[in-house]
Structure formats: structure tokens, C-alpha cells
Amino acid sequence: MTTATPLNLQVRPIVAADNPLIAQVIRDVSAEFGLTADKGYTVSDPNLDRLFELYSEENSAYWIVEHEGVVVGGGGVAPLACSAPDICELQKMYFLPQVRGLGLARALALRAMDYARQQGFRRCYLETTGTLTRAIKLYESLGFELIDNAMGCTGHGDCEVRMLKVL
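Residues numbered from 1 in each chain as written. Predicted model: local features only at pLDDT ≥ 70, side-chain atom pairs only at ≥ 80, totals over all residues. Heavy atoms only, no water.

1. Describing the state of the cysteines
Defined simply, a disulfide is a covalent bond joining two cysteines at their sulfur atoms. For the record, the criterion: Cysteine sulfurs are considered disulfide-paired once they come within 2.5 Å of each other. Only runs of H or I of at least four residues qualify as helices and only runs of E of at least two qualify as strands under DSSP, and these elements are numbered from the N terminus. For every residue, the accessible area (1.4 Å probe, protein chains only) is compared with the maximum for its type, and the residue is labelled buried under 20%, exposed over 50%, or partly exposed between those bounds.
Under the definition given, this model contains one disulfide. Each disulfide pairs two cysteine sulfurs, and for C82 the partner residue is C153, the sulfurs being separated by 2.1 Å. Linking C82 and C153, the disulfide has an S-S dihedral of approximately -110 degrees and is accordingly described as left-handed. Taken together, the positions of C82 in the loop between β4 (70-79) and β5 (87-95) and C153 in the loop between β7 (145-147) and β8 (161-166) put the pair 71 residues apart, joining distant regions of the chain. C82 sits in the exposed class, given a relative accessible area of 60%.

What follows is the structure in C-alpha cells.
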């Protein structure tokens, strides 16, 4: 489903042609915040250039945000690898500076959690880093709580902030 928003923004499911575009958004935002590939952040994910294929897998979804036809962000949800079957992971929520502060991350996270509930997930996990203070505040406002230990097999070793929410 495509959703129109103010400022000529559209939120829609990812398509194959988005792969290089959203990968570049993730690389640009990662560089902006000093999240380098050598540290195990999303930018080091071997699937970064094939997100359409990754999120076409069962119980997974990813949404693209476009501004006037240009990909400016996205976010998704998928089963948390190496964990209980009722746990999903909120993943790859990245937005370029020009669309931050418009409520897109909140709307996308809510959409992802609604989707996860529909798929039968009961808990949602996420990892981030302490430098992303606005993201952490958003997640806390959505009911995510800090947890001490990493869950699953995410490969994001330097994401020291781990959060969990009961759906």
C-alpha cells in the first residue's frame, strides 16, 4: 500500500529498483553519524545492496520513503535471526536530513509493528547506538525498553543500545 503524506512524500513497499537507492541513503546517513563498516553497523551488512530480496522473505517487509520521486529513507521489520519465533526486529530505519523531524520514523515504526503483529510476532527487538539520541528517544516514546544483552544473530557488534517492546 502506498501512502501519500504532506510535502509530496510517499511511503510504499520496496521494489527491486530501490536497492541501490536505499543502500546509498543508508551509506550516507551512516557516514554522517560516523557509523563505519569496520564496526559492524548496518553499513557493513552483506545484504545492504539487496534489500528488496531480503525483505521479500516470509514475515518480512520494508517500506521506502520518497520525496518528489527521490528515495529519502526507509525502514523495515523481519524475524530476528537465531531467536524465538515470536520475536521480530525493527531494521534499517534511515532518513536523509531533509525529511527528519516530520514524524516519518514514528509512522514507519508503527506501520512495521502493526505488520509484525499481523504476522504473529509478540515482541519487537532493535539495536542502535548511543550517538543516535533522537532515534533512542523515539523508540522509548513508542514503548521500547532498554535491555542489557543482545538478542539473536544480528552481526551488529558495536550497536550497544538494545531495546525490546512487547507488541
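2. A look at helix α4 (residues 133-141)
Note the following rule: Here, the arc refers to the directions that run from the helix axis to the C-beta atoms. The contact criterion used throughout is that any non-hydrogen atoms of two residues lie within 4.5 Å.
Residues I136, L138 and Y139 constitute the buried set of α4. One side of α4 holds all its buried residues, which, seen down the axis, span an arc of 160 degrees. Within α4, the exposed residues directed more than 90 degrees away from the buried face are R134 and K137. Against the buried residues of α4 lie β5, α3 (104-118), β6 (123-128) and β8. Within two residues after α4, G143 carries a phi angle of roughly 100 degrees, on the positive side.

3. Some remarks on the packing of aromatic side chains
Note the cut-off: Stacked, tilted and edge-to-face pairs are distinguished by plane angle, under 30 degrees for stacked and over 60 for edge-to-face with tilted covering the rest, among Phe, Tyr and Trp rings (Trp via its six-membered ring) whose centres lie within 6.5 Å.
Counted under the stated rule, the structure contains three aromatic pairs. Centre to centre, the rings of W63 and Y115 are 6.0 Å apart; their planes meet at 80 degrees, and the pair counts as edge-to-face. Of the two residues, W63 is situated in strand β3 (residues 61-67) and Y115 in helix α3; the sequence distance between them amounts to 52 residues. With respect to burial, W63 and Y115 carry one shared label: buried. With a centroid separation of 5.9 Å and 65 degrees between ring planes, the pair formed by Y139 and F144 is classed as edge-to-face. Across the pair, exposure class does not vary: Y139 and F144 are buried alike.

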